[in-house]
Amino acid sequence: MARKVKNINELLNKIKNDAMVYGLQVVTKDRIMPQIDLDRVTDSVLDHPVVGREADVSKIVNLLNCSNDQQVLTIVSIVGMGGLGKTTLAKLVCQEVMEKKFFDLKIWVCVSYNFDDQRILGEMLQTLNANMGGLTNKDAILQKLEKELEGKNFLLVLDDVWNEVSERCDGLKTRLVRVSRNTGNAIVVTTRSEQVASIMETSTHYRHTLNLLSDDECWSIMKERAFGNGEASIPLDLECIGKEIAKKCRGVPLAAKVLGGTMGGFGRDKEAWLSIMNSNVLNSSDNKDNVESVLKLSFDHLPPFLKPCFAYCSIFPKDFGIAKKELVQLWMAEGFLGSSSQDEGNNYFNALL
């Protein structure tokens, strides 16, 4: 037992020493931490130009259009590994179908791990009528929702669904059919799980599996992130290096975005670009591991003053939501900002995006 205790103490000391390397400090029990929303938060707004998803958008839009007016509720699922751009694709689909007026209403709910039909119905209602937030009775929510949907058809996006319990999904679908008197309504579900897709979708015909991008498409994303759309030209030697790095993305848009952002911080420093191209960190044969490798490489190349700010975020649970201003204030309290100013903290935050 004494040896076990000794080993644990040594491990704790190692963790403490590793934390000091990244500028982390011990937080006492009486330190008041902010309340964290454990649910991931996404929305329907596109953040950046999208590359290589035109055919995917067209296929899903056609599925929604063909099903229109044939049944009360059609469910299309978008399936793929993390980092492929399922949420982005759903945003593109929303944009196109609303421009073409296929639906009267667009509703976006980020589900994440908490698949609670009352919460989803409540968020739907609040999207349609901001004054209806806070209702706690499910029947009251359903009655109000039925009134808001009267005479209209809707597109509902359920983003990042993980629930594999069919009864929960069936319960939500039953209630949506009950409050929707019109035909031509649709749900788009994004998920990593084939099991979730099989539970949610109308049929396998309505499942869209997202494929990897080409190397050229990854390079396009990297260029945009590194130099922006206004870049007139890139030296040929850098372009050749960049295209080699793009191959290491293995078709994953998230990897291309992260690497492009890292390379943008190097400007036109050829040696820095070569260091990424020659890095063994990116040689993983598995796409999931490769995304993690890209993130690690990006962290390794962060400026020293940004590393503690990034590492600090690891104290929060997965899929948390926190305001930018609040996070910057926490960095200030920890002494991570040189001048302890909100403006400098905003610059750090933007650099980490």
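Here's what I pulled together on the structure shown here. (Residues numbered from 1 in each chain as written. Predicted model: local features only at pLDDT ≥ 70, side-chain atom pairs only at ≥ 80, totals over all residues. Heavy atoms only, no water.)

Notes on the overall build of the chain
Reasoning step 1: Helix and strand counts for the chain stand at 15 helices and five strands.
Reasoning step 2: Out of the 353 residues belonging to the chain, those deemed buried represent 42%.
Reasoning step 3: Pairs at least 24 residues apart make up 74% of the contacts formed inside the chain by residues separated by at least 6 positions.
Reasoning step 4: When the accessible area of the chain is evaluated, it comes to approximately 18,700 Å², of which 50% is carbon and sulfur surface. (Helix = DSSP H or I, 4+ residues; strand = E, 2+ residues; numbered from the N terminus. Buried < 20%, exposed > 50% of the residue type's maximum accessible area, 1.4 Å probe, protein only. Contact = heavy atoms within 4.5 Å. Areas by Shrake-Rupley, 256 points an atom, 1.4 Å probe, with all protein chains shown as cover.)

Description of the sheet that holds strand β4 (residues 185-191)
Reasoning step 1: Taken in spatial order, the five strands line up as β2-β3-β4-β1-β5 in an open sheet, and their pairing is parallel. Strand pairing shows two members of the sheet lacking a second neighbour, β2 (105-112) and β5 (207-209), which therefore form its edges. Recorded for the sheet is a direction-independent mean angle of 15 degrees between the axes of neighbouring strands.
Reasoning step 2: By the bridge criterion, seven bridges tie β2 to strand β3 (residues 154-161) in an arrangement that is parallel. Considered in β3, the bridge of Ile-107 is made with Leu-156.
Reasoning step 3: Sheet strands in contact with helix α6 (residues 166-179) are β1 (73-79), β3 and β4, and its direction is about 140 degrees off that of β1. (Pairing = 2+ DSSP bridges. Axes fitted to C-alpha atoms, helices over the stretch in contact; angles between N-to-C directions.)

A few points about the pattern of salt bridges
Reasoning step 1: According to the stated counting rule, one finds eleven salt bridges in the structure shown.
Reasoning step 2: We note a salt bridge from Arg-53 to Asp-56, for which the minimum N-O separation is 3.5 Å.
Reasoning step 3: Arg-53 gets classed as buried once you look at its relative accessible area, which sits at 6%.
Reasoning step 4: Residue Asp-56 is classed as buried on the basis of its relative accessible area of 9%.
Reasoning step 5: One salt bridge connects Lys-173 with Asp-170, and the closest N-O pair in it is separated by 3.7 Å. On the criterion of helical spacing, the pair formed by Lys-173 and Asp-170 is a turn pair, its members being three residues apart in helix α6. (Salt bridge = Lys/Arg side-chain N within 4 Å of Asp/Glu carboxyl O.)

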